[in-house]
Number of protein chains: 2
Amino acid sequence: MATIQQIAEEAGVSGTTVSRILNDVPGYTYAERTRSRVLEAARWLDYHPSPVARALVRRRTNVIAIAIREPDDPHYAIPLRRAHKMASAKGMTTTLVLPDSGMDLQALLQRGQADIGLLARGSLGNCESLEDALVASHQIVVVAGPRYTYPLPSGVRTAYWEEREGLRQGLEHLAELGHASVTYLQGHHSNRPKMELARQEAERIGLAFEAVGLNEPAPRLWEGAEMGRLVMEMRPRPTALFARTDEVAIGAIYAIYEAGLRVPEDISVMGHFDIPFAEFANPPLTTISTPFAECVEDVLQAALDALETGSREALVLENIRFPTRLVHRRSTAPPA
Amino acid sequence: MATIQQIAEEAGVSGTTVSRILNDVPGYTYAERTRSRVLEAARWLDYHPSPVARALVRRRTNVIAIAIREPDDPHYAIPLRRAHKMASAKGMTTTLVLPDSGMDLQALLQRGQADIGLLARGSLGNCESLEDALVASHQIVVVAGPRYTYPLPSGVRTAYWEEREGLRQGLEHLAELGHASVTYLQGHHSNRPKMELARQEAERIGLAFEAVGLNEPAPRLWEGAEMGRLVMEMRPRPTALFARTDEVAIGAIYAIYEAGLRVPEDISVMGHFDIPFAEFANPPLTTISTPFAECVEDVLQAALDALETGSREALVLENIRFPTRLVHRRSTAPPA
DNA sequence: TTGTAGGCGTTATCAA
DNA sequence: TTGATAACGCCTACAA
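Values in this document were obtained by computation on a predicted structure and should not be read as measured data.

Draft legend 1. The arrangement of the protein's contact with DNA strand C in detail. Around DNA strand C, 25 residues are found, and the nearest of them are Ile4(A), Ala53(A), Tyr30(B), Thr34(B) and Val57(B). At five residues, helix α4 (residues 51–58) of chain A tops the list of elements feeding residues into the surface near DNA strand C.

Draft legend 2. Inspection of the protein's contact with DNA strand D at higher detail. Close to DNA strand D lie 24 residues; Thr17(A), Tyr30(A), Val57(A), Thr3(B) and Ala53(B) are nearest. The greatest single-element share of the surface near DNA strand D, amounting to five residues, is contributed by helix α4 (residues 51–58) of chain B. Of the residues contributing to the surface near DNA strand D, the split by class is eleven nonpolar, eleven polar and two charged.

Draft legend 3. Expanded view of the interface of chain B and chain A. The partner chain A presents 41 residues to the 41 residues of chain B that form the contact. Elements with a minimum of two residues in the side of chain B that touches chain A: α4, α5 (74–89), β2 (93–97), α10 (220–232), α11 (246–258) and α12 (276–280) of chain B. Per element, the largest residue contribution to the side of chain B that touches chain A is six residues, and it comes from α5(B). Among the residues forming the side of chain B that touches chain A, the class breakdown is 23 nonpolar, 15 polar and three charged.

Draft legend 4. Layout of the nonpolar core. In terms of nonpolar packing, the biggest core is built from 90 residues, with Ala65(A), Leu118(A), Ala65(B) and Leu118(B) touching the most fellow members. Apart from the residues lying within four places of it in its own chain, the contact partners of Ala65(B) are Thr95(B), Val97(B), Leu105(B), Leu108(B), Leu109(B), Ala114(B), Ile116(B), Gly117(B) and Leu118(B).

Draft legend 5. Helix α3 (residues 32–44) of chain A, seen in detail. Residue and element names in this part refer to chain A. The first and last C-alpha atoms of α3 sit 18 Å apart over 13 residues, in line with the 18 Å expected at 1.5 Å per residue. On its buried face, α3 is in contact with α1 (4–11) and α2 (15–23). Positive phi appears at Asp46, one or two residues downstream of α3, with a value of about 55°.

Draft legend 6. Seen up close, the domain arrangement of chain A. Residues and elements named next belong to chain A. On domain assignment, one finds that chain A holds domain 1 (4–58), domain 2 (63–161 + 292–324) and domain 3 (164–290). The distance between the C-alpha centroids of domain 2 and domain 3 comes to 29 Å. Taken together, the eight residues of domain 2 in the interface contact 13 residues of domain 3. In terms of residue class, the side of domain 2 that touches domain 3 is made up of four nonpolar, four polar and no charged.

Draft legend 7. Layout of the sheet that holds strand β7 (residues 208–214) of chain A. Residues and elements named next belong to chain A. With respect to topology, four strands assemble into an open sheet ordered β7-β6-β8-β9, the strand pairing being parallel. Edge positions in the sheet fall to β7 and β9 (268–270), since each of these pairs with one other strand and no more. Pairwise comparison of adjacent strand axes, ignoring direction, gives a mean angle of 25° for this sheet. Bridge count between strand β6 (residues 181–188) and strand β8 (residues 240–243): three bridges; the pairing is parallel. Across the sheet, the residue bridging to Leu185 is Ala243, located in β8. Each of β6, β7 and β8 touches helix α10 (residues 220–232); the most contacted strand, β7, lies at about 125° to it.

Draft legend 8. A look at the sheet that holds strand β6 (residues 181–188) of chain B. Residues and elements named next belong to chain B. Taken together, four strands build an open sheet; the order of strands is β7-β6-β8-β9 and the sheet is parallel. Here the strands that pair on one side only, and so sit at the sheet edges, are β7 (208–214) and β9 (268–270). Pairs of neighbouring strands in the sheet enclose a mean axial angle of 25°, with direction left out of account. Direction of pairing for β6 relative to β7: parallel, over a ladder of seven bridges. Across the sheet, residue Gly187 finds its bridge partner in β7, namely Gly213. Across the sheet, helix α9 (residues 192–205) lies against β6, β7 and β8 (240–243), angled at about 170° from β6, the strand it touches most. Along the sheet face, α10 touches β6, β7 and β8 and points at about 125° away from the line of β7.

Draft legend 9. The packing of helix α1 (residues 4–11) of chain B against helix α2 (residues 15–23) of chain B, seen in detail. Residues and elements named next belong to chain B. Direction vectors running N to C along α1 and α2 enclose 105°, while the axes themselves pass 8 Å from each other. Considering the angle they form, α1 stands roughly perpendicular to α2. Judged by residue contacts, Ile4, Gln5, Ile7, Ala8 and Ala11 of α1 engage Gly15, Val18 and Ser19 from α2. Taken together, the residues of the contact of α1 with α2 break down into five nonpolar, three polar and no charged.

Draft legend 10. Up close: the relation of the copies chain B and chain A. Once turned by 180° and shifted 0.1 Å along the axis, chain B lies on chain A with an RMSD of 0.1 Å. Read as a symmetry element, the transformation amounts to a two-fold axis. The position closest to the rotation axis in chain B is occupied by the C-alpha of Thr95(B), lying 2.2 Å away. Here 100% of the contact residues of chain B are again contact residues in chain A; the copies associate through an equivalent surface.

Definitions and limits used
Residues numbered from 1 in each chain as written. Chains lettered and ligands numbered in written order. Predicted model: local features only at pLDDT ≥ 70, side-chain atom pairs only at ≥ 80, totals over all residues. Near = placed C-beta within 6 Å. Helix = DSSP H or I, 4+ residues; strand = E, 2+ residues; numbered from the N terminus. Nonpolar A, V, L, I, M, F, W, Y, C, P; charged D, E, K, R; others polar. Contact = placed C-beta atoms within 7 Å. Core = buried A, V, L, I, M, F, W, Y, C linked by C-beta atoms within 7 Å. Buried ≥ 20, exposed ≤ 12 C-beta atoms within 10 Å, placed from the backbone. Expected span 1.5 Å × (residues − 1). Domains from an automatic or database assignment. Pairing = 2+ DSSP bridges. Axes fitted to C-alpha atoms, helices over the stretch in contact; angles between N-to-C directions. Parallel < 35°, antiparallel > 145°, perpendicular 65-115°, else oblique. Least-squares fit on C-alpha atoms with pLDDT ≥ 70 in both.

What follows is the structure in structure tokens.
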């Protein structure tokens, strides 16, 4: 509520003086008497600077916009938490951008509501509109997430992992266990690109491949259960399931037990992403661990640096790739 | 990048005219020629109004600050998603406030960085500082969450459920199944108030009560596993576990299977909150469903109304209570 | 039907 | 060592 002007009057100085003292602007040495009078008046009036007014003149909102796909997916909680932590360490705040809402990242940045846009995506590629955003607004945009087959978005700093790599690791794991075929749990056909990658890798390894899809989109756990039920009716019954997501895998396991079978004795199931629940699933889920946290940290750090130095140069220099990793737990075993 | 002034020059009118036309300010009828010239210039220059400048003069940021405890707890994803949805339906954005960060809700509101503060808490009560915030800033604060024993925060619009109610429902369920005693999985002692409530209710029902605690705080799944292991060594072994949280319950089930026992054949386990994973746990988790979404929706709607009408009256009128509900699934059964 | 002037709270520029 | 003054982009009396 209190403004710099009020402090100035209270302390009998000018607003300029108050601003400089309160902000410790370098290059100005004020008389101790003035300093203390200002400081005291500020405390007395319970002064809090207005970030809005500041943002207007400094052209800096101190806001990081975080765009994620699904806020209730534990997998996306990672970038959210990470980014929030890094932001508040710098005294910045975060704003959430979700896909359904009318407010998209591009609009947010164009209007100058955020200094940095962090895109934590479920897939990279097809990002032309991103570059537009980058050019149109002078803000900083960085991207973290998995790469499928599309080329990386150019002109945007990116950290990523190769979805193909994780898929291969999982497929090889199943092959090594002795499985001759995999059934991939794709879900809604919007997830087709990933499935195609899996198919390619399976063929390279010499694993028979089959995919289960769903016409209607649904929350992942439900998708998993639904596909699990479909699988239970397939003859011959698949020996190994590779789910698009840990949640899909857990949903599938639910359906398998519902049908009176067991994992991995009757059928092996593996997931993707290694969310915390994977470790504590019953049975503990074999899955592919994915470096989402590292990716976010990497690009966001670059973005913060760029923001501080004011040079956007470092932003496009490199696109760093982080490795994925097989986490072998108990939901996979040799076929019966 | 483009400003109203630039449009004004481009269209050969004054800034005032541009502002009024672009905002459809009622009470002004402009010549069609002027209108179209302004509109065209705006499109031509790709004009986007600056929310920062607007916020400064309108004293309205169009931001809702959402304070939650743990971003990666699926339980807290509910208020987050709900609030974000309601916000963006009104063209507002959200900012996240997490406990660890230096940025707290009070500071945010005092500085006028948000119009509404939504506190989606893990517990109600002890909210004196809240009222300070309310009085100090002219912003709107509302609260949603569980109530333990403390009185509701007064002077703040609240929607809540009674933690005691859910606890009783769970305890009664176990008693009806024939259990003579419960072991409550409390976790870190910061969760003691809820445990005390459970103890009281157990005594009222005539159920022997015992609590398992932990000295070190840990993520809930790990807490659950740790306490599950402790329980496995207790003699006589408990017949029924009541976990503070679904995640704790799932962690405990993990430890139970690790020890070679089964749920519910050897031991019953129930959780609290009914997160999506509860339904798909193995076995599906009996739990208490909690109306977090309804609570958030209720108070946030009140807050939005208050913001629109400008009267804070409606805000303190009522504190609505929503019921909790037992969800009986398969992790509980009569004792062996 | 349109425009002018002033202000929202802060910082930057220039002068003293 | 300190102050005027003018922005930042928008909105709202008040005037014409």
